[in-house]
Structures are given as structure tokens and as C-alpha cells.
Amino acid sequence: MELTSSSVTWLAMVILVITAAVTKIATGRKRSATDLTCKMPPPPPVVNSIALLRLLPTLFRSGLPAILHQLYMKFGSVFTISVAGLLKMTFLVGPEVSAHFFQGLESEVSHGNLFEFTVPMFGKEIAHGVDSATKNEQARFFVDALKPARLRIHVDPMVQEVEDYFAKWGQHGTVDLRRELEQLLLLISGRCLLGKEVMGTMFDEVCSLFRDIEGGVNMMSVFFPYTPLIPSNRRRDMARERLHAIFSDIVRSRKQQQGDGVDKDVLQSLIDSRYKVDGRATTEAEVAALMICLLFAAKHTSAYTSVWTGARLLSHGKFLAAAVDEQDEIVRQHGINGGRITDHYGSLMEMRTLHSCIKETLRLHPPVPVLTRTAHKQFTVRTREGHEYAVPAGHTIACPIVISNQVPYIYKDGHLYDPGRFGPGREEDKVGGKFSYASFGGGRTSCVGEGYAYMQIKVIWSHLLRNFELRLLSPLPKSDWSKTMAATKLARVKRPIALNPRSNRPLPPVVNSIALLEHLPRLFTKGVIALMHDLYTRFGNVFTATFLVGPEVSAHFYQGMDSEISQGDLYKFTVPMFAKGLDYFAKWGETVGLAWAESCSHTSQLRHTFDATKHTPNSQKIFSEIVRSRRDTNQLPAEQDRWKLRDRTRGHGTPEGPWGNGEWLRDTNVTGARLLTHDKFVTEALEEQKHMIQKHGDHICYNVLLDMDILHCCIKEA
Ligand code: HEM
């Protein structure tokens, strides 16, 4: 079965139902004692079974988003759908109420058993088949394999696949856009993700096996993932075993080849990955499972977005013209005789109009329209209007991106296709904070393939815009995401391209020694930042010894490949520091050693503690106490404990509670200095703390921290 968007619709609905069923069974009606620690607001308004029945005709006529939209308009941003009182699913619409969904600790919010059906698809060695610590490590392997510096390697192979593919299109004709792009994206995945061995002789076989794996996503297999009585389960299992055998052979043979000839593709990166916990390498079976998972995550989402990008562009002449103009400009800037672009990566970075067009497509047509989790602990949400609701433990929680991406107080005329909304001066996706735009998810489990996805879609569409005049022959499906785009017919005519030879670009202006001498007094009186600012004002945003000021000129700094730009020996001095740290903490036993090792990674919970304490005079003491207090208990400190401990070590607890008198603010270095010299903001921050105490009492739990918007902004601004 092909994973079309209608099957995704079914999958989304099945997932919603199954999650609710599973969590209901798993958690029963018990409420944990910790649920009651904060004062309890009422539960969200409930849409009962009768109201749901009334909505059934709309479901069949217009799809799930139409219903969710109706419920959002009626109940606001938080509501619970209750099916006969047995299945309870709470929907959270918009950024104000989604923070906990995306950022809650694994022990509070997780995928739960919802994605059990992926275990026989990928293999039990990864994702939902393993414990959460292993899963986090494996997520890091993906992040490493797809980080911007590595992505660059894939640009040229991507471009070559795209050029070869469209060369077969000829001068004019009609095509089925969806079929064409799916095929092309598979070839790109084969080349960049799966590796040259697969592309050699096994590509067709791997694609066909993968289709059998995707066939495992259907109503029956989702409910009964392990039963061999279902034919699609049997096909899926056979396909998984064969894919595991294929990848295991490849991994084994790659491990035997060492040295310079080794490929730098994603497969190799996964083979080279090491678990931090014990330093062991990934096994053959793990790599095989990770590859299947990656292909599954990449395939449908990218194809769906690529087709919709074209459909939207070709039905909006104004934006199409802007995107074509941008390509012409790029060719003028980067092209050499004959029309070939030499610096593909650089040119992709400059395609801001095309980027916005894809982003806007994803806003209106998110390929993963609803995200779901299980709430293991009760949590409170506060709506924009100030209503508070306690979402009980055991509920399935759902974030309907397809609705959140169009909320009217963030997106003006949100139902309209308008890529300009992301441009300077508007930046609507930033209005409601970091979860205003959630097409790639957010927080702990956000998409690791975002950069890769944009890159391949840009490579495809930039080539099409530059080389063809295109016309959409079939109409846009009316109810967006739930209809397949099987018949997206496209007329194409080869475009004549005028090209200029590549311009010779000047080197950045140089701040020579004399100019530097002139600025010396300023350096001594005002410091280095003031000096930088003067130079920026005088020379603009690029000057040598080369400083790059502002986002337009910084992309290569952050995203260049290791071979082109790296930290070099600049940070060599940190090696003995970290090594010493490891020895130091390892003395206290395995748990503490682990905590230290983990703290060096971005996924660590303890990292917050380091960040919060490293600049303070008491930091060593505080951290020491945390780890000492835990070294015998074989667990990492809970969030609340860390905060309590922090206060205890400082002796700042007061009768009004640890946050009562604002004393603690004085010890937080830059943030504190800024706050204490700005009466208006310190007053606001203290007011917020008073409000926290009124609302939650003295107890500071994770949700309370998430609630501190004003303090958060003060820290960010500092
Ligand atoms: C336009 C294209 C894409 C969209 C809209 C998209 C969207 C998403 C979303 C919303 C999630 C989070 C799911 C959740 O929170 O439950 C996700 C996860 C993920 N995506 Fe993507 N994705 C895209 C392309 C890709 C590509 C190209 C790759 C790989 C090359 C990829 C790899 C992954 C992986 C591995 C995860 C799981 C992350 C984890 O659980 O730690 N995605 N994606």
C-alpha cells in the first residue's frame, strides 16, 4: 500500500483512537498524589458522544480538520473529546497551551504505547522498542547525521540526481507531478541516505521492500501489530527481515573498509555513531532499523510537501513570478557560462523567497497534521484569554498542527497562501513564541530532518523554476490535506535561460593596523564590544580579520562543513578541562560519572543546572550537593529537587517561600544586573512571581517554571 495522504488521514484517526484506548487501559482511573500538589483548576470543556455524532456528517464530507476547526471555534483552545466516557482526548490548539506538550519531561508526557505498531516495522532495536535513554541517544545519532555542516555534503549528489531526472522530461509535455516527485525523492534518498551499495544493484528491491513496510500502516495492523493472521503484517515482517539482512551485510562490509575511501553518507554516520553511556558502537541490526525509520520519516513528508509547494506556487501567479525572479537573480550571481551553478549550497542559502513559499505551504498543509502524546501526570494550561484547565493524567493529548498553524491572532487571513507573512516586518511565525509554527513539531522530539527536507525540496523546485515554464492542469483539491493529489497534472515547456558570466566579487574591506590603532583608546575605555560596534558602523556587516555581523552573512559560519570551517585548535584548551571534570566526578561512582557525561550532551536534564549555576559563586557547591545527594540512589535529580536544593544551598528560603522576596535575583549575574537596574522590568518579574505563588503556592514544579514568561523574556533579552 502506498502511503498516500488519504491513508495518512486514516492513520491519524486510528492513532487518535488507539492512543486514547491504550492510555485509558494503561492508567485506569487512578490519580497520583503528585497531581494534587498544585491548586486544581477545572478540567477542559468536554465534547460528548452525542455532540460527536452530530459532527459525523462533517467528518465524512470535509475531513478531520474541519471538525477540529469547528470545535476550536466553539470551545476555544483547550477541549476534550470524550467517547462514551471511556476514551478521553484533550486537544491543545495554539502556542500558549502547547508548551507542556512539546517540552514536558518524558516522565510527564510521552508517546506512550501509541507508536507500538512501528516496532515490527523498523525492528525492536530502536525507537519505541527500546527504553527512553537509548531512544534519546539514537535521536542524537540522527541529529548528528543530519546537522547542517554534514548536510552540505549532500547538495551536489542531490543536484545531480535532479538534473539527470528532469533531463528525461524533454522539451514539453504533461506529467503526473506526484508520481514524478515521489520517484525522484526516492532516488535522492537512495543516494544521500541509503548509500551507494543500495543504489548499485538493490535499489528496486529496497524500494519494493519498503512499500511492504509502509503497508504495515493500516487500521488492522495498527490495532494488532503483531498478529501474523493479517496478510499485511506478514508481508511487513518478511520485508523488515530482508531489509535488515541487506543493511547488515552493507554495514559489515563497510566496517571492514577503513581509511579515506569510506563514504560520508548518512548510513556511514549511523555506523560511526557511539553510545555515550558505554562508548559502544551501533550494531548492524540497529543501523538497519535506524535506516528504515529514517526513510519512513522522510519519504511521505517530503513528497507531500514537494507536490503541494508546486501546486500552491503554480496557482499563485504573484508568488510564482517572485520565485522565478529570485532564480534568475541567483543564476546571475552564481551562474557560469552554460548556466551551471558552481556554489550550489551557497545559492540554496540565498533562496529566501522559495524558502518562504515552502514554509507557507507547510503551514497550510502540514504532512503530519496532528501530533499525539500521552499525559502521565496532570498538568495545567492557561489559555490566551486567561482560562486555566487541569488536563488529567491518562488523557491522550493532541496538538492539531493543522489548526494551530492558522489561529487568527497569529496568522492574518491564515487560510490564505501568503509567503510574505514570514518576511521582514511581519514575521508572523514569531508572534506567539516558539510554538507558533509547528509543522516540524517542537521541543524534545522535533523533526531532525528539517534542514535536509528544505534542502531537497529547494533543489527540486529551483531546478524546475529555472528550466521549465509550468502550468497546473488539475484543480487544487478543495479540502486540503485529506484528499490525495493523485492526479496533479502538470504541463511543462522548457524555458530558455539567459545567463551572465559569474561576477567577480570583491574581498571584504580590511581594517588595517592603522585603523585599529585609531580605535585603541575606544578599546581601552569601552571594551571590545564597543570597538566591534564602531567597526560595524564604519565598514558594514563584513570586514577583515573577517567578522560576519548579522544573519544574512552568518549562514556559512554556522553551517559550513567541518572540512571548510571549524573550531580548529581554538578550543584545544578545553580538552584538559573536560578530562579533569570527568575524573573529578567519576570518583563519586558511576551515576555521577554518567551525569557528568550526560551533562556534556544537549539532551541532559542536568544541563539546565549547569547553565543556571555556572556563573554563580556557589555553582561548584550547588552542583556538588546535587550529585552527592544522588550518588547512592542511582537516579538523576528530579527537576523540583534541583530547584529546592539550589535555594537551600544559598540559604535564601524565607517565610514567604523560596521566591518570596526576590533575593535570588541578585545572584544571577547578567540577568540579575540587567533586571536590578531596570525598575519597570524587575517590578514586572516580581509581580509575575507573586502571581506564581498565588496560583501555584510555594511549590515550584516544572509547570510553574514553564509559566514564567516574563522572567524568561528578561533572561533572553539579557
Ligand atoms: C517537509 C518534510 C517534513 C516534515 C513536515 C516533518 C515533520 C516531522 C514532525 C512533525 C515530527 C515530530 C513528530 C512528533 O513529535 O511526534 C518529525 C519527526 C521526525 N522526522 Fe520529520 N518531517 C519532515 C521530513 C523529514 C526528513 C526529510 C527526515 C529525514 C531525513 C525526517 C526525520 C524525522 C525523524 C527521524 C523524526 C523523529 C524524531 C524523534 O522522534 O526524535 N523528517 N518530523
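Note that the structure is predicted; figures quoted are calculated from it, not measured.

Conventions adopted
Residues numbered from 1 in each chain as written. Predicted model: local features only at pLDDT ≥ 70, side-chain atom pairs only at ≥ 80, totals over all residues. Helix = DSSP H or I, 4+ residues; strand = E, 2+ residues; numbered from the N terminus. Buried ≥ 20, exposed ≤ 12 C-beta atoms within 10 Å, placed from the backbone. Contact = placed C-beta atoms within 7 Å. UniProt positions renumbered as here; feature names shortened; annotations may be inferred. Pairing = 2+ DSSP bridges. Axes fitted to C-alpha atoms, helices over the stretch in contact; angles between N-to-C directions. Expected span 1.5 Å × (residues − 1). pLDDT = per-residue confidence, 0-100. Left-handed = near helix turned anticlockwise from the far one by under 90°. Nonpolar A, V, L, I, M, F, W, Y, C, P; charged D, E, K, R; others polar. Near = placed C-beta within 6 Å. Core = buried A, V, L, I, M, F, W, Y, C linked by C-beta atoms within 7 Å. Bend = angle between axes of the 7 residues up to and from the residue.

## Quick word on the overall build of the chain
Next, step 1: Helix and strand counts for the chain stand at 30 helices and 13 strands.
Next, step 2: Scored against the burial criterion, the 718 residues of the chain give a buried share of 35%.
Next, step 3: Put simply, of all contacts in the chain between residues at least 6 apart along the chain, 72% involve residues at least 24 apart.

## Thoughts on the UniProt feature "binding site: heme" (unreviewed entry) in the chain
Next, step 1: In the numbering used here, UniProt assigns the "binding site: heme" (unreviewed entry) feature to Cys447.
Next, step 2: Along the polypeptide, cysteine 447 turns up in the loop between helix 17 (401-404) and helix 18 (450-467).
Next, step 3: Here cysteine 447 is in contact with Phe440 and Gly441, once residues within four sequence places are set aside.

## Comments concerning unusual backbone geometry
Next, step 1: Of note in the backbone geometry, aspartate 413 takes a positive phi value of approximately 45 degrees without being a glycine.
Next, step 2: Take aspartate 413: it is sitting in the loop between helix 17 and helix 18.
Next, step 3: The exposed category is assigned to aspartate 413, around which 10 C-beta atoms lie within 10 Å.
Next, step 4: Of note, glutamate 427 is a non-glycine position whose phi angle comes to about 40 degrees, a positive value.
Next, step 5: Overall, glutamate 427 belongs to the exposed group, with 11 C-beta atoms counted inside 10 Å.

## Side note on the UniProt feature "transmembrane region" (unreviewed entry) in the chain
Next, step 1: According to UniProt, the "transmembrane region" (unreviewed entry) feature falls on residues 7-26 and 71-93.
Next, step 2: Counting secondary structure, residues 71-93 comes out at 22% helix and 52% strand; the distance between its end C-alpha atoms is 10 Å.

## Remarks on the sheet that holds strand 9 (residues 396-400)
Next, step 1: Strand order in the open sheet made by the six strands is 1-2-3-9-6-4, with mixed pairing throughout. Either end of the sheet is taken by a strand with one partner, and the two such strands are strand 1 (46-47) and strand 4 (109-110).
Next, step 2: With two bridges joining them, strand 4 and strand 6 (residues 370-375) adopt antiparallel strand pairing. In the strand pairing of strand 6, valine 109 is matched with alanine 375.
Next, step 3: Along the sheet, helix 2 (residues 49-62) makes contact with strand 1 and strand 2 (78-83), crossing strand 2 at roughly 90 degrees.

## A short note on helix 8 (residues 177-194)
Next, step 1: Between its first and last C-alpha, helix 8 extends 24 Å over 18 residues, near the 26 Å set by a 1.5 Å rise per residue.
Next, step 2: With its phi angle positive at about 105 degrees, glycine 195 sits one or two positions after the end of helix 8.

## A word on the confidence of the model for the chain
Next, step 1: For the chain, per-residue confidence averages 77 on the pLDDT scale, and residues scoring 70 or more make up 73% of the total.
Next, step 2: Looking across the chain, the model is least confident in helix 24 (residues 606-613), with a mean pLDDT of 40, and most confident in helix 16 (residues 352-364), with 96.
Next, step 3: Note on residues 479-487: pLDDT under 50 across the span, and 27 contacts to partners over four residues away in sequence or across chains.
Next, step 4: With pLDDT under 50 throughout, residues 600-620 is counted as low confidence; its partners more than four residues away or in other chains account for 28 contacts.

## Let's talk about the packing of helix 8 against helix 13 (residues 284-314)
Next, step 1: Put simply, helix 8 and helix 13 touch, their axes get as near as 9 Å, and they point 145 degrees apart. For the pair helix 8 and helix 13, the crossing hand works out as right-handed. From helix 8, Leu177, Arg178, Leu181, Glu182, Leu185, Ser189, Leu193 and Leu194 reach across to helix 13, where they touch Met291, Leu294, Leu295, Ala298, Lys299, Ser302, Ala303, Ser306, Val307 and Gly310.
Next, step 2: Of the residues belonging to the contact of helix 8 with helix 13, the class tally is 11 nonpolar, four polar and three charged.

## As for the site of the ligand
Next, step 1: Around the ligand sit 23 residues in total, of which Ala297, Thr301, Gly441, Cys447 and Gly449 are the nearest.
Next, step 2: Every element with two or more residues in the shell around the ligand is listed here: helix 6 (132-145), helix 13 and helix 18.
Next, step 3: The element best represented in the shell around the ligand is helix 13, accounting for six residues.
Next, step 4: Among the residues forming the shell around the ligand, the class breakdown is 15 nonpolar, eight polar and no charged.

## Details of the packing of helix 16 against helix 18
Next, step 1: With their axes 10 Å apart at the nearest point, helix 16 and helix 18 run at an angle of 115 degrees to one another. The handedness of the crossing between helix 16 and helix 18 comes out as right-handed. Here helix 16 contributes Leu354, His355 and Ile358 to the contact with helix 18, which in turn contributes Tyr454, Ile457, Lys458, Trp461 and Ser462.
Next, step 2: Taken together, the residues of the contact of helix 16 with helix 18 break down into five nonpolar, two polar and one charged.

## Re the environment of glycine 76
Next, step 1: Take glycine 76: it is sitting in the loop between helix 3 (64-75) and strand 2.
Next, step 2: C-alpha separation for the pair glycine 76 and glutamate 385, spaced 309 residues apart in sequence, amounts to 9.2 Å.

## Some words on the nonpolar core
Next, step 1: Grouped together as the largest cluster of nonpolar side chains are 79 residues, with contacts concentrated most on Met291 and Ile292.
Next, step 2: Among the elements that take part in this core, helix 13 stands out by supplying 16 residues, more than any other.
Next, step 3: Membership of the second largest hydrophobic core comes to 35 residues, among which are Met89, Leu92, Phe102 and Tyr389.

## Considerations on helix 9 (residues 196-214)
Each α-helix turn comprises 3.6 residues. Residues three or four places apart therefore point the same way.
Next, step 1: For helix 9, spanning 19 residues, the distance from its first C-alpha to its last is only 23 Å, which falls clearly below the expected 27 Å at 1.5 Å a residue.
Next, step 2: Of all the bends in helix 9, the largest measures some 100 degrees and sits at methionine 202.
Next, step 3: Turning to helix 9, its buried residues are Val198, Val206, Leu209, Phe210, Asp212, Ile213 and Glu214.

## Description of the environment of alanine 133
Next, step 1: Mapped onto the secondary structure, alanine 133 falls in helix 6.
Next, step 2: Residues alanine 133 and valine 277 lie 144 residues apart in sequence; the distance between their C-alpha atoms is 9.2 Å.

## Concerning the environment of glutamate 106
Next, step 1: Within the element layout of this structure, glutamate 106 appears in the loop between helix 4 (99-103) and strand 4.
Next, step 2: Take glutamate 106: there are 15 C-beta atoms within 10 Å of it, and that puts it in the partly exposed class.
Next, step 3: As for glutamate 106 and threonine 374, which are separated by 268 residues in sequence, their C-alpha atoms are 10.0 Å apart.

## Some words on the pairing of strand 9
Next, step 1: Taken across its five residues, strand 9 has five buried, putting it largely inside the fold.
Next, step 2: Alternating residues of strand 9 divide into Thr396, Ala398 and Pro400 and Ile397 and Cys399, and every residue in both groups is buried.
Next, step 3: By the bridge criterion, three bridges tie strand 3 (residues 87-92) to strand 9 in an arrangement that is parallel. Paired with methionine 89 across the strands is threonine 396, a residue of strand 9.
Next, step 4: Where strand 6 and strand 9 come together, five bridges link them in antiparallel fashion. Following the sheet pairing, arginine 373 is matched in strand 9 by isoleucine 397.

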